[in-house]
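Okay, here's what each chain looks like letter by letter:
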Amino acid sequence: MAHTLIIVDDEELARRNVELALADHTNWQLAASCASAQAARNVLADKKVDLLLLDIRMPRISGLDLARELAQRSGDQHTPLVVFITAYDEHALAAFDVFAIDYLLKPFDDARFAQMLARVEQQLQLTEHAFNRAAVNHYLREKDAQARGEAEPLLDFFIVRSVGRTERVAVSDVRWVAAAGNYVELVTADRRILHRATLSQIERRLDPALFLRTHRTALVRRKEVLSLQVVGDGSYRVQLRGGDEVQVSERHVEDVRALFRET
Amino acid sequence: MTDLPSSPALRHTAHLAPLRSLLAVMLVWGLIALMLALAMYSDELRKGRDVQFGRAVVVSCGWFLPLVLLNWAGLALFDRHPRLLRPQAIFLIYLPVALLIFPLFLVYETAMNLFTAGRSFDNLLSVLAEQSRYAWWMDFTIVSAAYGIQVAYSIWRQHRQQEQALRDSAHHNLQLRLTLLQGQLEPHFLFNALNSISSLVRSDERQRANAALVQLSELLRYALRASRNGELSLDDELAFTRDYLALQQLRFGARLQLDWQRDPQLDGSRNFPPLLLQPLVENAIRHGLETHDGGMRLSIAVHADQDQLRICISNSLSEPGAPANGHGVGLALTRERLHLLFGPRARLVARGEAAAYTVELSLPAESTKHGAHTDHR
């Protein structure tokens, strides 16, 4: 049985673009093509759909507003998975990565479209709707706080897209975080989990009382730090409880030293 | 929309703080008084007379008090009315200084001398008349010199302020250009336009896709030329606006209706400030079309009216009396540019009516210079 989706975008050519791209995927079927969030609501009232492709910037009711309504539905009500489509929104994209929300950039080619659908299919197979809802809720909570001029809420857990599945990683399990290009590694007691986000994006959302930035590439849980050492070439390292050694840069050495003075 | 840098032309130049200028004048005259006191003191000492230095200082400060007031008033006057710093005005103001203030100063000096000598003021005037003409001449020279030096200082100060204003204006103009450019290459519009073209390619509508690609590249080309400070014509600007609107029509389809009017006798090759119309047209779309599901009619009319060029951009509103907020930044930007380029000879009027929102521009007919140094007096 084919998966179903609704495309919601106020521009006609944008909707057509998706319809045409979808033609190559026979296991997907377009349930409706909606020019507004209101129209999408009406369709969702009658039908159960697997995926909602939501343009963010729309007049009157934006894609985010609709996503908020859906994410706030209770767990036993069926909600479609949400993937945002956007022409440009730097801040949103960085946040989407952190919260493992899928998005599609306009314009897109066939490969990216296929990639997006593949990820959605995986989530459907593993019935990861709850993750999707939680991610969207997280993101919207942060956005609302920003809009009110309040501090962004701190994270208690990460939603991470791993190979073959999505998982929840509790912040309390994370000992330190290493940066690796556009990704970070969340280092726990027994694993290193790759997460698509930058270290700075992660740092903003963690409690500075718990975590300390020691290097451009490292964010360390304060309690994990055992000792500060100087290495042969004059650079610094901290030794962690788990046995890891983490680099410390000139900029952050003082902050690390302050750690030892606190105890 | 990016933040608008505030224009130095529209800000007040910093005025002299009255208390600080008084203290400065007092300091200068105080030093002169001090030197005079030293001179007098040394003279008296050599004559063998017993004199206290402190008293000498107080007395000489007292002498110069009117000059302190004169200079302080002069500084304040020329600071508030810099237009007076012209030869005729300077001379005209000098006349009362020479004819009124100088005699008063003489009387004051005589009175002071009588006072310090402990004599009465009864025959003040006769004492005054008996003073040596040399002393009169000295006083006259001192008063004139005080005035002259203060005027010179005011001129110097004004010159510095003008230079700074010119620098600020040039810098500001540059920032305006960059802001405009950022608006032109507004990412949301750009990527949506590209997405529309992507759709045309998918549906194999080669003609339309290519036409749109060409329009988009024309936009970028124009924006690049504009950023290089080139001289661009009215025709160029209208062509740009057409291409821009054509791409918007690609996005919105039948929702966007256009209506062009142009005076056939208008000379399109005349110079025109590049990208002047773009923020206004973008506003119309943003507030007249993107805010609701329906359609919008956008009319652009270009007319010559004697020596003025008149451009009228009007868009229909979905709700009557839709507020003009949000138009604010685009309008402010355009007003600023017009002011920088033409001063009071250009006007921008925005009207929000029941069914439509209209912006009217009028520009002087002669060619514009692109840059901050247009003289608008």
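Residues numbered from 1 in each chain as written. Chains lettered and ligands numbered in written order. Predicted model: local features only at pLDDT ≥ 70, side-chain atom pairs only at ≥ 80, totals over all residues. Heavy atoms only, no water.

### Side note on the nonpolar core
Inference 1: Ranked by size, the top nonpolar core spans 51 residues in total, and within it A:F84 and A:F158 carry the most contacts.
Inference 2: With residues up to four places along the chain from it excluded, the contact list for A:F84 reads A:L54, A:I56, A:G63, A:L64, A:A67, A:F96, A:I101, A:D102, A:Y103 and A:L104.
Inference 3: Grouped together as the second largest cluster of nonpolar side chains are 50 residues, A:L13, B:A193, B:Y244 and B:M296 included. (Core = buried A, V, L, I, M, F, W, Y, C linked by side-chain atoms within 4.5 Å. Buried < 20%, exposed > 50% of the residue type's maximum accessible area, 1.4 Å probe, protein only. Contact = heavy atoms within 4.5 Å.)

### Considerations on the packing of aromatic side chains
Inference 1: Scanning all chains against the criterion turns up 15 aromatic pairs over all chains.
Inference 2: Between B:Y134 and B:W137, the ring centres sit 6.5 Å apart and the planes meet at 25°, which makes this aromatic pair stacked. Taken together, the residues B:Y134 and B:W137, both in helix α5 (residues 133–184) and three residues apart, mark about one turn of the helix. B:W137 matches B:Y134 in its accessibility class, with the two residues each being exposed.
Inference 3: Chaining the aromatic ring pairs together yields one cluster made of A:F84, A:F96, A:F99, A:Y103 and A:Y139.
Inference 4: Here A:R168 stacks its cationic end above the ring of A:F157, 3.6 Å away from the centre of that ring.
Inference 5: For the cation-ring pair, B:R133 lies above B:W136, with the distance from its terminal atom to the ring centre recorded as 4.3 Å. (Phe/Tyr/Trp six-rings, centres within 6.5 Å; stacked < 30°, edge-to-face > 60°. Helix = DSSP H or I, 4+ residues; strand = E, 2+ residues; numbered from the N terminus. Lys NZ or Arg CZ within 6 Å of the ring centre and 35° of its normal.)

### What about the sheet that holds strand β13 (residues 225–230) of chain A?
Residues and elements named next belong to chain A.
Inference 1: Across the sheet, three strands lie side by side as β13-β14-β15; this open sheet has antiparallel pairing. Two strands bound the open sheet, and with one partner strand each, they are β13 and β15 (245–248). Across this sheet, the average inter-strand angle for adjacent strands is 30°, counted without regard to direction.
Inference 2: With four bridges joining them, strand β14 (residues 236–240) and β15 adopt antiparallel strand pairing. Following the sheet pairing, Q239 is matched in β15 by E245. (Pairing = 2+ DSSP bridges. Axes fitted to C-alpha atoms, helices over the stretch in contact; angles between N-to-C directions.)

### Re the interface of chain B and chain A
Inference 1: In this assembly, 21 residues from chain B lie in contact with 19 residues from chain A.
Inference 2: For the chain B and chain A pair, buried surface summed over both sides reaches about 2000 Å², with 47% attributable to carbon and sulfur atoms.
Inference 3: When the buried surface of chain B facing chain A is broken down by residue, B:H188, B:N195 and B:R202 rank first, second and third, together holding 33% of it.
Inference 4: Taken together, the connections running from chain B to chain A amount to four salt bridges.
Inference 5: Of the charged contacts in the structure, one is a salt bridge between A:R16 and B:E205, with a shortest N-O distance of 2.9 Å.
Inference 6: Between chain B and chain A we count 10 residue pairs in polar contact (both at pLDDT 80 or more) in total.
Inference 7: Those elements that provide at least two residues to the side of chain B that touches chain A are α6 (187–202) and α8 (234–252) of chain B.
Inference 8: At 11 residues, α6(B) tops the list of elements feeding residues into the side of chain B that touches chain A.
Inference 9: Each residue belonging to the side of chain B that touches chain A can be placed in one class, and the counts come to five nonpolar, nine polar and seven charged. (Buried area = accessible area lost by both parts, 1.4 Å probe. Salt bridge = Lys/Arg side-chain N within 4 Å of Asp/Glu carboxyl O. Polar contact = N/O pair within 3.5 Å; in protein donor to acceptor, adjacent residues only side chain to side chain. Nonpolar A, V, L, I, M, F, W, Y, C, P; charged D, E, K, R; others polar.)

### Considering the packing of helix α1 (residues 12–22) of chain A against α6(B)
Inference 1: Viewed as axis vectors pointing N to C, α1(A) and α6(B) meet at an angle of 45°, and their least axial separation amounts to 8 Å. One finds that α1(A) runs oblique with respect to α6(B). Classified by chirality, the crossing of α6(B) by α1(A) is left-handed. Contacts from A:L13, A:A14, A:R16, A:N17, A:L20 and A:A21 in α1(A) reach B:N195, B:S196, B:S198, B:S199, B:L200 and B:R202 in α6(B).
Inference 2: In terms of residue class, the contact of α1(A) with α6(B) is built from five nonpolar, five polar and two charged. (Parallel < 35°, antiparallel > 145°, perpendicular 65-115°, else oblique. Left-handed = near helix turned anticlockwise from the far one by under 90°.)

### Quick look at unusual backbone geometry
Inference 1: Cis peptide bonds are those with omega within 30 degrees of zero, and the linkage from A:K106 to A:P107 qualifies with -10°.
Inference 2: Following the sequence through the fold, A:P107 ends up in the loop between β5 (103–105) and α5 (110–125).
Inference 3: In this structure, A:T127 is a non-glycine residue whose phi angle is positive, near 45°.
Inference 4: Looking at the element boundaries, A:T127 is found in the loop between α5 and α6 (129–147).
Inference 5: Residue A:T127 is classed as exposed on the basis of its relative accessible area, which comes to 59%.
Inference 6: Positive phi, close to 60°, is recorded for B:D204, a residue that is not glycine.
Inference 7: Among the secondary structure elements, B:D204 is positioned in the loop between α6 and α7 (206–227).
Inference 8: Exposure remark for B:D204: the relative accessible area of 59% places this residue in the exposed category.

### Some details on the pairing of strand β1 (residues 256–262) of chain B
All names here are of chain B.
Inference 1: In this sheet, strand β2 (residues 296–305) lies alongside β1 in parallel orientation, the contact comprising seven bridges. Its bridge partner lying in β2, L258 is registered against L298.
Inference 2: Handedness of the crossover is the feature at issue here: the chain leaves β1, passes through helix α9 (residues 278–288), returns alongside β2, and the resulting connection is left-handed. (Right-handed = clockwise from strand over helix to strand, strands pointing away.)

### Focus on the packing of helix α2 (residues 53–80) of chain B against helix α3 (residues 87–117) of chain B
Each pair of packed helices can be summarised by the angle the axes make with each other and by the distance between the axes.
Residue and element names in this part refer to chain B.
Inference 1: Interhelical geometry of α2 versus α3 gives an angle of 160° and a closest axis separation of 11 Å. On the basis of the axis angle, α2 is roughly antiparallel to α3. The interaxial crossing formed by α2 with α3 has right-handed handedness. Residue-level contacts link R55, V59, G62, W63, L65, P66, L67, L70, L77 and F78 of α2 to I93, V97, I101, F105, Y108, E109, M112, N113 and T116 of α3.
Inference 2: Residues belonging to the contact of α2 with α3 are distributed by class as follows: 14 nonpolar, three polar and two charged.

That is the geometry; function is a separate question.
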